[in-house]
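Architecture at a glance
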There are 2 protein chains.
Amino acid sequence: VTSLAEILAIGDELVHGFAVDTNSAHIARELERLGVEVRRVTVVSDAPGALRAALGEACGRADVVVATGGLGPTEDDRTRAAAAAAGGVELRFDEDCWQGVLAWFARLGRTPPESNRRQAWLPAGARVLENRWGTAPGFCQRIGRAELFALPGVPREMVGMLELHVLPWVAERLGGGAFAFHELRTLGIHEAALGERLADLMAADHEPRVGITAHFGMMTVRIAARGSGTADAQARCAATAAEIRARIADVLAYEGAEPLESIVVRELGRAGATLAVAESCTGGLLAARLTGIAGASAVFREGVVTYHDAAKTQRLGVPPALLAAQGAVSEPVARAMVEGLLERAGAEFGIAITGIAGPDGGSDAKPVGLVWFALGARGRVRTWQRLFSALGREFVRERAVLEALVALRQALVDPGSVSG
Amino acid sequence: VTSLAEILAIGDELVHGFAVDTNSAHIARELERLGVEVRRVTVVSDAPGALRAALGEACGRADVVVATGGLGPTEDDRTRAAAAAAGGVELRFDEDCWQGVLAWFARLGRTPPESNRRQAWLPAGARVLENRWGTAPGFCQRIGRAELFALPGVPREMVGMLELHVLPWVAERLGGGAFAFHELRTLGIHEAALGERLADLMAADHEPRVGITAHFGMMTVRIAARGSGTADAQARCAATAAEIRARIADVLAYEGAEPLESIVVRELGRAGATLAVAESCTGGLLAARLTGIAGASAVFREGVVTYHDAAKTQRLGVPPALLAAQGAVSEPVARAMVEGLLERAGAEFGIAITGIAGPDGGSDAKPVGLVWFALGARGRVRTWQRLFSALGREFVRERAVLEALVALRQALVDPGSVSG
């Protein structure tokens, strides 16, 4: 029998839509790796009644409940009081907990305001969970059939405490069975057509579970395989992956959960090569994605965001006459951009992107969504164009960054793919 | 009596954590503007039993339920069947609905695969909701006390259909009373200290509601005021805003819900001025944020991501001797970066950012989190440094972008703030 988990994200800002809950996705992935099944995620406000009800319901359905948020020092942080009420106990001042808060502030060379004492009032019988990443201590408490873990809402604190406190408990108490996951990513096929190829594998009762998610034109086929243990789950997952791979080989872009930008940075390092990028319509998004990876400085030389035509000439040496004759969004300009970039940057790999992100600036000959790419790899240049669906500025920009990252990965992993 | 709303986000990829639900935040904000209160957001899987239960429970508690996802053409799209089961009716093929799907494909010059017919099987008695932005039609259906609106999960389709179908219905049937919102943003104060200043306003029973959210070091104080109508709600909101403004004037960075980058692009346009940016540790993030705003091309000249020291010299004219003597993260280098940038870009405003995002690269003298800024505005240059908490690479980069945007906004709105 699979153990069940539920997740609660607590906060007025979440339920009323002023912030997006990203914590629950991380928690769900980590819990499911241990073979626990997440059935439901509930986002509730700080209002005492609503919070207590949602906590009680979740603890009545699941074996483990992970809640985030509402542990701060201010008046609207009410998870401690709601958990006490849901468990039918009082709040008690926990001296150990308070010492932990004081120690955190001491490390920063500060003294906490008096209001931080609120954070040390925990439900009676709860066990304090140390927070090494911030001020807000967490706690765990038995309510109904469930073990409730209350963690802070700040993502980096939640991540650390989940790993330190929650996952070991789950592995020991609820473990048994395990899930394995695999992802296959496609470009150039629509969701319905992809779904037809995999329909039998996507039936509600099919094991392993197979699902499709669309994101900026890339489809992710996800396999979730349950097994008696890690090795068994992985074998089931691999068998289904092989079946799917055979059916979608013509549209497969890459596999795995690692972000594309991370693969590119890693492969550049492995090849001892450097990269430079020249962006127009993507406006720095590609550079930002790549430099978000720790260690990018070893392989990323520079980026230029040549938004204005004058910048294309000055920064990349694109001749004004070429821009006038062909327009900024054209094969010759994309080629000139990457050639000028590589000459100036002294990098082995380079990519140039020039297109029309919209909403304005399109024409019959060059509609919104048209993007030219030029990839330079060790002296060879390949150019190509794509006409992305005009589904908004963000879509065209994100889709173009995806195209560039897939092309860079391909050039690094399979150098034969870049031909002059 | 306030009408209650609940939101359901449907999809295995959401509940198992492979995608983040951003739709619900948008829906919550739009519903609450009309005076409806969102009590709960539930994220559920595609599993038929779980989905039917969650739909039924939400429809038993709320006056209106907005569900997203599960309307696609593949096997794992089960919202239609679950809603039929929750409402105790059969699925029926809806010819109007099918004609709508055909018309969408015709506009794209394509013929739908046979599997798209799944999308036209709706619960008996449901009303089809036209989708002008994609293939998946929505529907609405009475279940229990609630009107259920089922919309697609693709954000741009959901946004359009919410406005076209859901908001007019809510305004007509559930309207009466309204909410008004206001946001005040602070930099340079910790959450507990800010909470102490506003404690009385943040009590659970206080009207208007006041809450604090922390995001990359910026605190947002949010006011949600309920009133008998829009004008009344706005007046109550304004009165509380005035009270808060007086208490936090020393740390107030700006006010309002408009993103900073949008304010900067708008104010540049109003001033008839142009902008260029030179980034090191933020790696293109600032340029990407600014160029994400439609119309940025009229004011954004160029960005350079001078990651490698050689790029700082070649692209911005920073003398190699200065880099060697002072290090890349220093006041003279930041100043030289912005001076070189403005000279080359021909822009009235420019900003340079150079710092240590980590996790490596820090030293005792220049720890991770140290960032130097240089702002050039119409011939005057101001430099300053910040030591951000070393809470990870993403935190330092995002916090630095925030600092730069606040400084740019200030220079545009209050030119006296930039002194040589």
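Everything quoted here is computed from the prediction, not taken from an experiment.

Analysis parameters
- Sequence order as written defines the numbering, with residues in each chain counted from 1.
- Both sets of labels track the order of writing: A upward for chains, 1 upward for ligands.
- Reporting of local features is limited, given that this is a predicted model, to residues whose pLDDT is at least 70; pairs of side-chain atoms are given and counted only at 80 or more, and all residues count toward the totals for whole chains, interfaces and linings.
- Neither water nor hydrogens contribute to the side-chain values; these are computed over all heavy atoms in the structure.
- The pLDDT value expresses, per residue, how confident the predictor is, ranging between 0 and 100.
- Here a helix means four or more residues in a row that DSSP labels H or I, a strand means two or more in a row labelled E, and each is numbered from the N terminus.
- Helix span, expected: 1.5 Å multiplied by one less than the number of residues in the helix.
- When accessible area is computed with a 1.4 Å probe and restricted to protein chains, residues below 20% of their type maximum are described as buried, those above 50% as exposed, and intermediate ones as partly exposed.
- The contact criterion used throughout is that any non-hydrogen atoms of two residues lie within 4.5 Å.
- Paired strands, as defined in this entry, are two strands with at least two bridges between them according to DSSP.
- In this analysis, rings of Phe, Tyr and Trp, with Trp reduced to its six-membered ring, are considered paired at centre separations within 6.5 Å, and the interplanar angle assigns stacked below 30 degrees, edge-to-face beyond 60, and tilted for intermediate values.
- Charges are assigned to positions over rings by a cutoff of 6 Å between ring centre and Lys NZ or Arg CZ, combined with an angular limit of 35 degrees from the ring normal.
- We count a salt bridge whenever a side-chain nitrogen from Lys or Arg sits within 4 Å of a carboxyl oxygen from Asp or Glu.

Some thoughts on the confidence of the model for chain A
Scored by pLDDT, chain A comes out at a mean of 92, with 99% of its residues at no less than 70. Reported for the predicted complex are a pTM of 0.82 and an ipTM of 0.81.

A look at helix α9 (residues 260-271) of chain A
Residues and elements named next belong to chain A. Helix length check: α9, at twelve residues, gives a terminal C-alpha distance of 16 Å against a target of 16 Å (1.5 Å per residue), a fit within 8%. Buried within α9 are the following residues: L260, E261, S262, I263, V264, V265, E267 and L268. Buried residues along α9 sit against β12 (252-255), β13 (275-279), α10 (285-291), β15 (349-355) and α14 (393-413). Looking one or two residues beyond α9, the residue adopting positive phi is G272, at roughly 60°.

Some details on the pairing of strand β8 (residues 146-151) of chain B
Residue and element names in this part refer to chain B. With six of six residues buried, β8 lies mostly within the body of the structure. Here β8 shows no split at all, with A146, L148 and A150 on one side and E147, F149 and L151 on the other all buried. Relative to β8, strand β3 (residues 64-68) is paired through five bridges, and the arrangement is parallel. Each bridged residue has a counterpart across the sheet, and for A67 the counterpart in β8 is A150. Sheet analysis places strand β7 (residues 138-143) next to β8, joined by five bridges and oriented antiparallel. Its bridge partner lying in β8, I143 is registered against A146. In this antiparallel pair of consecutive strands, β7 and β8, the connection spans two residues, and G144 shows a positive phi of 60°.

Points about the packing of aromatic side chains
Applying the stated rule across the entire model yields 17 aromatic pairs over all chains. The interplanar angle of 55° and the centroid separation of 5.3 Å between the aromatic rings of A:F181 and B:F18 together place this pair among those described as tilted. Of the two residues, A:F181 is situated in strand β9 (residues 178-186) and B:F18 in the loop between α1 (12-15) and α2 (23-33); the pairing between them involves two chains. Residue B:F18 is classed as partly exposed on the basis of its relative accessible area, which comes to 25%. Counting every residue linked through ring pairs, the aromatic cluster contains A:F93, A:W98 and A:W121. The ring of B:W98 is capped by B:R117, whose NZ or CZ atom sits 5.2 Å from the centre of that ring. The lysine or arginine in question, B:R382, covers the ring of B:W384, its NZ or CZ lying 4.0 Å from the ring centre.

Some thoughts on the environment of A:L102
Here A:L102 shows up in helix α5 (residues 95-107). Residue class for A:L102 comes out partly exposed when judged on its relative accessible area of 28%.

So, the pattern of salt bridges
Where charged atoms from two side chains of opposite charge approach closely, those side chains can pair. Here the structure, examined in full by the defined rule, presents 50 salt bridges over all chains. Ionic pairing is found between B:E30 and B:R33, a salt bridge with its closest N-O pair at 3.8 Å. Within this pair, B:E30 and its partner B:R33 are both found in helix α2, separated by three residues, close to a single helical turn. Taking relative accessible area as the criterion, B:R33 reaches 44% and is therefore assigned partly exposed. Ionic pairing is found between B:R247 and B:E243, a salt bridge with its closest N-O pair at 2.8 Å. Taken together, the positions of B:R247 and B:E243, both in helix α8 (residues 230-248) and four residues apart, correspond to about one turn of that helix. A residue is classified by how much of its surface remains accessible, and B:R247, at 23% relative accessible area, is partly exposed. What emerges from the salt-bridge pattern is a single network uniting A:E258, A:R266, A:E267 and A:R270.

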